Amino acid sequence: GNKSINAKLVLLGDVGAGKSSLVLRFVKGQFVEFQESTIGAAFFSQTLAVNDATVKFEIWDTAGQERYHSLAPMYYRGAAAAIIVYDISNQASFERAKKWVQELQAQGNPNMVMALAGNKADLVDARKVTAEEAQVYAQENGLFFMETSAKTAANVNDIFFEIAKRLPRV
Ligand code: GTP
Ligand code: MG
């Protein structure tokens, strides 16, 4: 029969990488140019049908500002999935993403499905991080990788769908 799965998902990444924008695109189909920086964290939910299951994502959109770093474990603890977001036009945000991956590998749920999102893929002229280097990094560290754009919607539903497909079917 059709299974129903509840999955806690956390988004982590640098300030301004586009975590909230990805969630807003996925949950509401919207994009705003002047998205406000998240304070603490924000909660959303969205349901997705995959082949054999209905996945209800319980989404924690965390704040990238360093002062909120100590709160992060509350959101990734027990999470079934994480999306680590960087901005393809910002090298420092890619370095910050790697730090999050290290933290999750050390402290997170070992069975967590981890996705690396190279966001702002529409900013081709400002690109600082190549898709190739991100893909190599992701492969070496057991994540799957997609470039996304919350602005154009490219690959946004796809990354959540790919996570849903990879969640363990209990
Ligand atoms: P914090 O909450 O501070 O951690 O930031 P965040 O990761 O949630 O980033 P947010 O979604 O607030 O986006 C930051 C800025 O980038 C906003 O002005 C967005 O409009 C812009 N932005 C987000 N995604 C994209 C994208 O895919 N393309 C472009 N061009 N801009 C984007
Ligand atoms: Mg935010």
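Bear in mind that the values here come from a model prediction, so they are computed numbers and not experimental data. (Residues numbered from 1 in each chain as written. Chains lettered and ligands numbered in written order. Predicted model: local features only at pLDDT ≥ 70, side-chain atom pairs only at ≥ 80, totals over all residues. Heavy atoms only, no water.)

J.: Could you clarify how one ought to interpret the sheet that holds strand β6 (residues 144–147) in this entry?
T.: Two pairing modes exist for strands in a sheet, parallel and antiparallel, and in both the strands are linked by backbone hydrogen bonds. Strand order in the open sheet formed by 6 strands is β2-β3-β1-β4-β5-β6, and the pairing between neighbours is mixed. Bordering the open sheet on either side are β2 (41–50) and β6, each of which pairs with just one other strand. When strand polarity is set aside, the average angle formed by the axes of neighbouring strands in this sheet is 25°. Judged from the 5 bridges that link them, strand β1 (residues 3–13) and strand β4 (residues 81–87) form a sheet pairing that is parallel. From the neighbouring strand, valine 10 faces β4, where its bridge partner is alanine 82. Packing of helix α1 (residues 19–28) onto the sheet brings it into contact with β1, β2, β3 (53–62), β4 and β5 (113–119), and relative to β3 it is tilted by some 150°. (Pairing = 2+ DSSP bridges. Helix = DSSP H or I, 4+ residues; strand = E, 2+ residues; numbered from the N terminus. Axes fitted to C-alpha atoms, helices over the stretch in contact; angles between N-to-C directions. Contact = heavy atoms within 4.5 Å.)

J.: Looking at this structure, how should I read the coordination of the magnesium ion (ligand 2)?
T.: Tetrahedral coordination by four donors puts the ideal angle at the metal at 109.5 degrees, and octahedral coordination by six puts it at 90 or 180 degrees. Protein-derived ligands of the magnesium ion (ligand 2) are Ser20 (OG) and Thr38 (OG1), with the metal-ligand distances lying across 2.1 Å. A residue pair is termed long-range when its members are at least 10 positions apart, and serine 20 in helix α1 and threonine 38 in the loop between α1 and β2 qualify at 18 residues. Relative accessible area serves as the criterion here: at 12%, serine 20 is assigned to the buried category. (Donors = N, O, S within 2.8 Å, 3.2 Å for Na, K, Ca; no water. Buried < 20%, exposed > 50% of the residue type's maximum accessible area, 1.4 Å probe, protein only.)

J.: Can you help me understand the pairing of β1 in this one?
T.: Taken residue by residue, a regular strand's side chains alternate between the two faces of the sheet. Pairing between β1 and β3: 9 bridges, direction parallel. By the bridge assignment, leucine 11 is partnered in β3 with aspartate 61.

J.: Mind showing me how you'd approach the nonpolar core here?
T.: One recurring pattern in soluble globular proteins is that nonpolar side chains are buried together. Among the nonpolar cores identified, the biggest contains 29 residues, and Leu9, Phe57, Ile83, Phe160 and Ile163 are the most heavily contacted of them. Here this core takes 5 residues from helix α5 (residues 156–166), the largest share from any one element. If we skip the residues at most four places from it in the chain, isoleucine 163 touches Leu9, Phe57, Ala81, Ile83, Val113, Ala115 and Phe144. Leu12, Ala72, Ala79 and Ala138 belong to the second largest nonpolar core, which has 24 residues in total. (Core = buried A, V, L, I, M, F, W, Y, C linked by side-chain atoms within 4.5 Å.)

J.: Help me understand the side chain of serine 89, please; the structure alone is not making it clear to me.
T.: Within the secondary structure, serine 89 sits in the loop between β4 and α3 (91–107). In this structure the side chain of serine 89 is engaged in a polar contact, spanning 2.7 Å, whose partner is the side chain of aspartate 87. Contact partners of serine 89, with chain neighbours within four places excluded, come to Leu123, Ala126, Arg127 and Lys128. (Polar contact = N/O pair within 3.5 Å; in protein donor to acceptor, adjacent residues only side chain to side chain.)

J.: Please explain the pattern of salt bridges as it appears in this structure.
T.: As a working rule, side chains carrying opposite charge can pair if their charged atoms are close by. Evaluation of the coordinates by the stated rule reveals 8 salt bridges. For the salt bridge of glutamate 33 with lysine 151, the shortest nitrogen-to-oxygen distance reads 3.2 Å. Of the two residues, glutamate 33 sits in the loop between α1 and β2 while lysine 151 sits in the loop between β6 and α5, which places them 118 residues apart along the sequence. Taking the relative accessible area as the measure of exposure, glutamate 33 reaches 51% and is therefore exposed. Look at lysine 151 and you get partly exposed, because its relative accessible area is 40%. The salt bridge involving glutamate 162 is made with arginine 166; its shortest N-O contact spans 3.0 Å. Residue glutamate 162 and its partner arginine 166 are located together in helix α5, separated by 4 residues, close to a single helical turn. (Salt bridge = Lys/Arg side-chain N within 4 Å of Asp/Glu carboxyl O.)

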